[in-house]
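# A closer look at the structure
Now for the letters of each chain:
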Amino acid sequence: MELNAFIKNFEKQFDDELAEPIHAYTVFKEIEEWDSMIALSMIAMVDEEYTVKLTGNEIKQAQTIEDLFNIVKEKR
Amino acid sequence: MISLKNKKVLVTGASSGIGKSIAIQLSQLGAKLIITGRNELRLSETLILCEEGGHTALIADMTVESDINQLVKNIEEIDGAVFCAGIISYIPIKFLSNDKINDIFDVNFKCQVILTQKLLKQKKINKQGSLVYISSLSSKLGVAGTSVYAASKSALSAFVRVLATEVAGQKIRANTVSPGIIRTPLFTNSETSIADEDFDNKENAYPLGYGNAEDVAAYVAFLLSDNSTWITGSDLVMDGGFTLS
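Now for a look at the structure at hand.

Before going further, it helps to spend a moment on the environment of Asp79(B). Residue and element names in this part refer to chain B. With respect to the helices and strands, the residue Asp 79 is situated in strand β4 (residues 78–83). On a C-alpha basis, the gap between Asp 79 and Leu 10 in space is 8.4 Å, while along the polypeptide they are 69 residues apart. Those residues in contact with Asp 79, other than ones at most four positions away along the chain, are Asn 6, Lys 7, Lys 8, Asn 126, Gly 129 and Ser 130. A polar atom in the side chain of Asp 79 sits 2.9 Å from the side chain of Asn 126.

Printed below as a string of structure tokens:
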């Protein structure tokens, strides 16, 4: 499971091009375009791409995109 | 005063949540129950919590037609049935698939229809019987992620209206309850898409707070009783005032 691919999959969930580029260390909840719909899409994407059930609590606790990546990797 | 003495009632989805609470409350009102669910351990727990009354617990997976056949074959004629089995899933529309749609519709809609069909075909519902289906407030709203869940519950509500017409000749009644958010494992399981903190915060949108399974059980008991003999084809929204705003 590869971090760059995960970041690309994360970015795909946004409908428009992001105002700022994103990285592993980006605090995803501070992305201007982040909202509850993106959170739901993230959960669905992770289930589809990585066969992992990411929970609302885990998204709440994670800070960076890399945090999310690690949670998913751990659960695989 | 509601009494269900001398009434035999089938409760599906009785292993947990609303179904479990309904079973327990109906037993307290004197009903003789046939409870069913997939999980043997949790179904046994429901049975233990019921008031004594000669109840039966039958394991059955409602999505397996042969299980439904066995269940209907093994029960005596009933005076009421409560259809509680259901699953929820938050999936944005762009992530839907045939399989996901089928999974939700199979449990929330098809198996309720098939069970109803078999109960009627095999004449297992006594005249003046009462059938109660648990739908959801989601079927009337547009909450993100609930497209297929809401559609399945809407389909169920529509089905029950027609059912009410078809069985009226036998004085059998069919009604639906559409609850808002109830604190049950369906929602409070920490493995859900909604964070605990957000779930608690969303409760502010309910003037009377989230509901409890007992709230739904009380209304179901009313529908099963002789106190509601003129009510059929209804769909009651129970939402603690949520839709007022």
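For the rest of this paragraph, the subject is the nonpolar core. Counting residues in each nonpolar core, the largest one holds 30 residues, and the members touching the most others are Phe6(A), Phe10(A), Phe28(A), Trp34(A) and Leu68(A). Counting residues per element, the ones that place at least two in this core are α1 (3–12), α2 (36–50) and α4 (65–75) of chain A. Dropping the residues within four chain positions of it, Phe10(A) is found in contact with Ile22(A), Phe28(A), Ile31(A), Trp34(A), Met42(A), Met45(A), Ile65(A) and Leu68(A). Counting residues in each nonpolar core, the second largest holds 28 residues, with Leu26(B), Leu33(B), Tyr219(B) and Leu224(B) among its members.

What follows covers α4(A). Each full turn of the α-helix corresponds to 3.6 residues, which orients residues three or four apart in the same direction. Regarding α4(A), the residues found buried are Ile65(A), Leu68(A), Phe69(A) and Val72(A). Seen end-on, α4(A) carries its buried residues on one side only, within an arc spanning 100 degrees.

Rules used in this analysis
Residues numbered from 1 in each chain as written. Chains lettered and ligands numbered in written order. Predicted model: local features only at pLDDT ≥ 70, side-chain atom pairs only at ≥ 80, totals over all residues. Heavy atoms only, no water. Helix = DSSP H or I, 4+ residues; strand = E, 2+ residues; numbered from the N terminus. Contact = heavy atoms within 4.5 Å. Polar contact = N/O pair within 3.5 Å; in protein donor to acceptor, adjacent residues only side chain to side chain. Core = buried A, V, L, I, M, F, W, Y, C linked by side-chain atoms within 4.5 Å. Buried < 20%, exposed > 50% of the residue type's maximum accessible area, 1.4 Å probe, protein only. Arc of directions from axis to C-beta.

What is shown is where atoms sit, not what they do.
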